[in-house]
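Reading the structure
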Amino acid sequence: MAEAADFQGTSPSPARRWLRRSGVLLAGAPLLAGLLQLPLSAPAQAAEKASVADAAGSGGVDVSIDSLSPSAPTDGDTVTVSGSVTNRTKQTVTDAHVGIRVGSSPLTTRSAIDTAAKLTSFQPGLDAAEVGGKYVEKVARLTAGSSQNFSISVPVKDLDLGDDGVYQVGVSLTGRTTAQQWDQVLGIKRTFLPWQPDAADTKTKTTYLWPLISSVHLTAETGSDEQQTRVFKNDDLAKEIAPGGRLDQLLSLGSGLDVTWVLDPDVLASVDAMRGGYRVQQADGTTVAGSEKNRALAKAWLDKLEKTVQGQKIVALPFADPDIASLAHSGKITGSLSRLKDATDVASDTVDSIVHVKPNTDFTWPVDGAIDPSIVNVATSAGADKVIARSDSLRETGGLAYTPSAARPIGGGTTAVVADERLSTAFQGDMLKAGSSTLAVQKFLAQSLMINLQDADQRSIVVAPQRMPTASQAQTMAEALRTLQQGSWSELQGLAAAAKAKPDPGATTRVPSASSYPSALKNQQLPASAFDWMQSTQTKLDKFKVILTDRSRVVTPFGLAIDRGMSTSWRGRPAEGKAFRDGVDSYLDGLTGLVHLIEKSDAQLSGRSATIPVTVQNNLVQGVDHLTLRLTSQQPTRLKIGNGPYYEQSIKVAGEHSQSVKFPTSTKANGPVKVVAQLYTEDGQPYGDPVPFEVKVTEITSTVMLVIGGGVLLLVLAGFRMYTQRKRAAARQTEEGPEDGPEDEGVNKDTDGTVETENTDDSEAGPESMSGPKAGADDPEHPSDPTPDTASESADPSGTGERVDR
């Protein structure tokens, strides 16, 4: 086990092999002589036990490499490896030490790096010997469950590194247990040491994407104030931009790196909305004002972003980072492609207006760079001509012995910029543990150096990490990039430059078929119902906006909300995505319902003609126009509205006001008639719910009027006769009065002996009240007489048994 064996594919120099083998033979000669003098049974059993234990890795001690500095050493440096060992067994470890093992020769392929990274146990005959000597750290006693830190520093010259390349480094704990009292490797952890002390003749051009992308935070709801205060789903965005938060860390770390910033304009728009004052939804549906502290955080973050990106390479994704793959697979049949164009158009303006930088909008980025023909078609339908793909999707089939440049022409004037899958996925997983972070950095640097060593020609490599790195992942990414920037085998460039690089003639340019799209990604796609929702919501919005006098107050926030409804951030979160879409739908329905007809109760109509009032209520803060109100009779043979079955009038109502409209009617027959009031947009589309009510027609016919007229005439004649009779009686009384005396006052006597009691009231008022002009003043109006309009109707619903004024 003292001799280090090479991994498959390695090629140590002949001189190095000769020195190693000579040393092993000289060191082993005394041991061999001693073994020949001993019985074979006990040592053979011990050696067999040690070999089995070592090969199986059954020692049970975890080794963690928490730091390796410098990550890419040069001549004259001292490499320091720090970490800890933890005893996971139930036995005490004694007489142990931590040592460093460095491969005798560099690895020669990227696959060899992958293979070595997967090993978890000590491999006798494969793992190198310890550097040994003073470069070990003793561990006298390690009880069950306990840990001990270590730190070993070794000058580069003592690591015996030879040719440029990637060397495997192992840190192992060798010791004894109470059950196995012989030296054995009880645990090992491997990492990699990139060795390129002098600048390479040709450096790889590396593009690293630095994404500022988040999930959806804003709702469609806005305040009724002039600023239209925005409403957030929660206050999570404030946590992301606060010191130490995810977006704050990405911004701070990226400011010192030569990267290509990939921005989701929705992030900028959301933080900008927070800066201007905002509200937050509560569980009960109410909203509360956002804190002044968070407003200050938003302002500070945007100010810092604006300063950071000045003069930098910036790519803006379509607004809200739409899920291109879901749209291609589920959204095309619903006609949702127009939304992608809108999201692309608004992206540049949003970034420019907030941070005053004009971004590049020529790129789209499907999830994990997975593409197929439909994804490419959709991705380029909005004007972008470059698609960020990944090498595990656009796989090499030409048998190239090196990693080709990223740019690939895939037809139709479209360029696929193929990110390297190994480098792009290097920092996924939990990077909170120092050991995980260190291993990820070293493996990333090893793969990067190996790419440069593959071929003498210069190539352009693109790294597209996960869309929303955590704060710890961002810190690990930044650590690796800082080393890469200072290294001697790579130089950084922007994404646009990588897309223009000369393609490798042997590189794959054939887009994979739809059947090759990963099932794991397909299972996370947005459902078809999400795109049906987009179409129906857009239709409702189009119908609503035509009646508004200030359309921007509604069209802009709802248009952006629809864009947010197809965000990539909803992948794997179907319940949250549906809740967001339902909330947008509910709010739009609520707004459209603020313009409505007031319900009417049944009405009575007496006479041949009358007017029926209908009231339109507008509870929006802005006025509405381009509306038509139509009143329709379901039985026009009995009741006409206007001159036909219906009559309509244009409507214009100021904000937070109501408007009553009167409709002329005429009757033909008695009885109940169903009448329907309905609002329409100017293009003839129904708006809102219809309001039906019943009109009870009780017409006064001509025959009835003749009877009434005859009765009035008879009354007039009777009154006239009574008047003349009383006048004659009064004349006779005047002639005979002086003889009658006081006792006969008030009694009239005629010649035939009859007596008529005088009614003083009648004699004074009766004849005048019965005279023609005054009697006619109280007569009923003739049906043909003009009918006065009704007074202004209240905006409140009509009472039961409402009587229609004429």
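Residues numbered from 1 in each chain as written. Predicted model: local features only at pLDDT ≥ 70, side-chain atom pairs only at ≥ 80, totals over all residues. Heavy atoms only, no water.

1. Quick notes on the overall build of the protein
Counting its secondary structure elements, the protein contains 21 helices and 32 strands. Out of the 806 residues in the protein, the part that is buried amounts to 47%. Contacts spanning at least 24 positions in sequence make up 78% of the contacts within the protein whose residues lie at least 6 apart. For the protein, the exposed surface amounts to about 38000 Å²; the carbon and sulfur share of it is 51%. (Helix = DSSP H or I, 4+ residues; strand = E, 2+ residues; numbered from the N terminus. Buried < 20%, exposed > 50% of the residue type's maximum accessible area, 1.4 Å probe, protein only. Contact = heavy atoms within 4.5 Å. Areas by Shrake-Rupley, 256 points an atom, 1.4 Å probe, with all protein chains shown as cover.)

2. Here we look at the packing of helix α16 (residues 528-545) against helix α17 (residues 552-564)
As a packed pair, α16 and α17 sit with axes 11 Å apart at the nearest point and diverge in direction by 175 degrees. Comparing their axes, α17 and α16 come out roughly antiparallel. Residues Trp533, Met534, Thr537, Gln538, Leu541, Phe544 and Lys545 of α16 lie in contact with α17, whose contacting residues are Val554, Val555, Phe558, Gly559, Ala561 and Ile562. (Axes fitted to C-alpha atoms, helices over the stretch in contact; angles between N-to-C directions. Parallel < 35°, antiparallel > 145°, perpendicular 65-115°, else oblique.)

3. Focus: the layout of surface pockets
Roughly 490 Å³ of internal volume is contained in the second largest pocket. Taken together, 22 residues form the lining of the second largest pocket, with Arg110, Glu396, Thr403, Pro404 and Arg422 sitting closest to its centre. Split into classes, the residues belonging to the lining of the second largest pocket amount to 8 nonpolar, 6 polar and 8 charged. (1 Å grid on protein atoms, 1.4 Å probe; cavity = no way out; pocket = protein on both sides within 12 Å on 5 of 7 lines; lining within 4 Å. Points joined across faces, edges and corners; volume = space filled by probe spheres on them. Nonpolar A, V, L, I, M, F, W, Y, C, P; charged D, E, K, R; others polar.)

4. Considerations on the nonpolar core
The biggest cluster of nonpolar side chains holds 71 residues, and the ones touching the most others in it are Phe544, Ile547, Leu629 and Leu631. No other element matches α16, which puts 6 residues into this core. What leucine 629 contacts, discounting residues up to four positions off in sequence, is Leu597, Val614, Val616, Tyr647, Glu648, Gln649, Ile651, Val661, Phe663, Ala677, Gln678 and Leu679. By size, the runner-up hydrophobic cluster in this structure holds 64 residues, among which are Leu251, Leu297, Val309 and Ala478. (Core = buried A, V, L, I, M, F, W, Y, C linked by side-chain atoms within 4.5 Å.)

5. Topic: the sheet that holds strand β6 (residues 165-177)
The strand order across the open sheet built from 4 strands is β4-β3-β6-β7, with neighbouring strands paired in antiparallel fashion. Looking at the sheet topology across the chains shown, the edges are occupied by β4 (136-142) and β7 (184-195). Strand-to-strand, the axes of this sheet are offset by a mean angle of 20 degrees, without reference to chain direction. With 6 bridges connecting them, strand β3 (residues 93-102) and β4 associate as antiparallel partners. (Pairing = 2+ DSSP bridges.)

6. Points about the sheet that holds strand β13 (residues 287-289)
Spatial ordering of the open sheet is given by β9-β10-β12-β13, a layout of 4 strands whose pairing is mixed. What marks the edges here is a single partner per strand, and that holds for β9 (218-222) and β13. Each strand of the sheet is rotated relative to its neighbour by a mean of 35 degrees, with strand direction disregarded. Summarising the sheet, strand β12 (residues 278-281) and β13 pair through 3 bridges and their orientation is antiparallel. Looking across to β13, one finds that glutamine 281 is bridged to threonine 287. Relative to β9, α17 is tilted by about 160 degrees, and along the sheet it contacts β9 and β10 (230-232).

7. Quick word on a nonpolar patch on the surface
On the surface, a cluster of nonpolar side chains totalling about 320 Å² of accessible area is made up of Leu713, Leu714 and Leu717. Tracing the sequence through the fold places leucine 713 in helix α19 (residues 702-740). (Patch = residues over 30% accessible without salt bridge, like charges linked within 9 Å, V, L, I, M, F, W, Y side chains within 5 Å. Salt bridge = Lys/Arg side-chain N within 4 Å of Asp/Glu carboxyl O.)

8. What to know about the side chain of threonine 207
Locating threonine 207 in the fold gives a position in strand β8 (residues 204-212). On the basis of relative accessible area, threonine 207 is assigned to the buried category, the value being 0%. Of the polar contacts made by the side chain of threonine 207, one reaches the backbone oxygen of glutamine 493; its length is 3.1 Å. For threonine 207, the residues in contact, after removing those within four places along its chain, are Thr260, Ile461, Val462, Val463, Gln493, Gly494, Leu495 and Ala498. (Polar contact = N/O pair within 3.5 Å; in protein donor to acceptor, adjacent residues only side chain to side chain.)

9. Here we look at the confidence of the model for the protein
Looking at the protein, the pLDDT average stands at 84 and 81% of residues meet or exceed 70. Note that residues 1-58 has pLDDT below 50 and, in this model, 51 contacts with residues that lie over four places away or in other chains. Across residues 738-806 the pLDDT falls below 50, and counting only partners more than four positions away or on other chains, this stretch makes 78 contacts in the model. (pLDDT = per-residue confidence, 0-100.)

10. Here's the deal with the pairing of β3
Along β3, 8 of the 10 residues are buried, which leaves the element largely enclosed by surrounding structure. As paired strands, β3 and β6 are joined by 8 bridges and run antiparallel to one another. When the bridges of β6 are listed, arginine 101 appears paired with glycine 170.

11. Description of helix α5 (residues 246-254)
In terms of burial, α5 is largely enclosed, as 8 of its 9 residues are buried. Every buried residue of α5 is listed here: Arg246, Leu247, Asp248, Gln249, Leu250, Leu251, Leu253 and Gly254. Considering only its buried residues, α5 is in contact with β8, α4 (236-241), β11 (260-263), α6 (265-275), α7 (292-309) and α13 (471-486).

12. Some remarks on the pattern of salt bridges
Considering all chains together, one arrives at 29 salt bridges under this definition. Note that arginine 390 and aspartate 392 form a salt bridge whose closest N and O atoms lie 2.9 Å from each other. Connected via shared salt-bridge partners are Arg339, Asp342 and Asp563.

13. Observations concerning the environment of glutamine 428
Here glutamine 428 lies in the loop between α11 (421-424) and α12 (434-454). In contact with glutamine 428, other than residues within four places in its own chain, are Gln466 and Gln473.

14. As for the packing of α6 against α7
Two packed helices can be described by the angle between their axes and the distance between those axes. Two elements in contact, α6 and α7, have axes separated by 7 Å at closest approach and are oriented at 135 degrees. Considered as vectors, α6 and α7 are oriented oblique to each other. Taken as a pair, α6 and α7 cross one another with a handedness that is left-handed. Each of Val267, Leu268, Val271, Asp272, Met274 and Arg275 in α6 lies in contact with α7, whose residues at this interface are Asn294, Arg295, Ala298, Lys299, Trp301, Leu302, Asp303 and Leu305. Here the contact of α6 with α7 is composed, by residue class, of 8 nonpolar, 1 polar and 5 charged. (Left-handed = near helix turned anticlockwise from the far one by under 90°.)

15. Brief notes about the packing of aromatic side chains
Evaluation of the coordinates by the stated rule reveals 7 aromatic pairs. For the ring pair phenylalanine 232 and tyrosine 278, a centre distance of 5.1 Å and an interplane angle of 70 degrees mean the geometry is edge-to-face. Taken together, the residues span a long stretch of sequence, with phenylalanine 232 in strand β10 and tyrosine 278 in strand β12 at a distance of 46 residues. Judged on exposure class, the residue phenylalanine 232 and its partner tyrosine 278 are both buried. Geometrically, the ring pair formed by phenylalanine 427 and phenylalanine 444 is tilted, given 5.2 Å between the ring centres and 40 degrees between the ring planes. Note that phenylalanine 427 is positioned in the loop between α11 and α12 and phenylalanine 444 in helix α12, a separation of 17 residues in sequence. The two residues phenylalanine 427 and phenylalanine 444 agree in class, both being buried. Put simply, the rings of Tyr208, Trp210, Phe427 and Phe444 touch in pairs and so form one group of aromatic residues. Between lysine 600 and the ring centre of phenylalanine 693, over which it is positioned, the NZ or CZ distance is 5.4 Å. (Phe/Tyr/Trp six-rings, centres within 6.5 Å; stacked < 30°, edge-to-face > 60°. Lys NZ or Arg CZ within 6 Å of the ring centre and 35° of its normal.)

16. Things to note about a negative patch on the surface
The grouping of Asp75, Asp163, Asp164 and Asp198 at the surface amounts to a negative patch. Mapping aspartate 164 onto the fold places it in the loop between β5 (147-155) and β6. By relative accessible area, which is 34% here, aspartate 164 ends up partly exposed. (Lys, Arg positive; Asp, Glu negative; His and termini not counted. Charge placed at Lys NZ, Arg CZ, Asp CG, Glu CD.)

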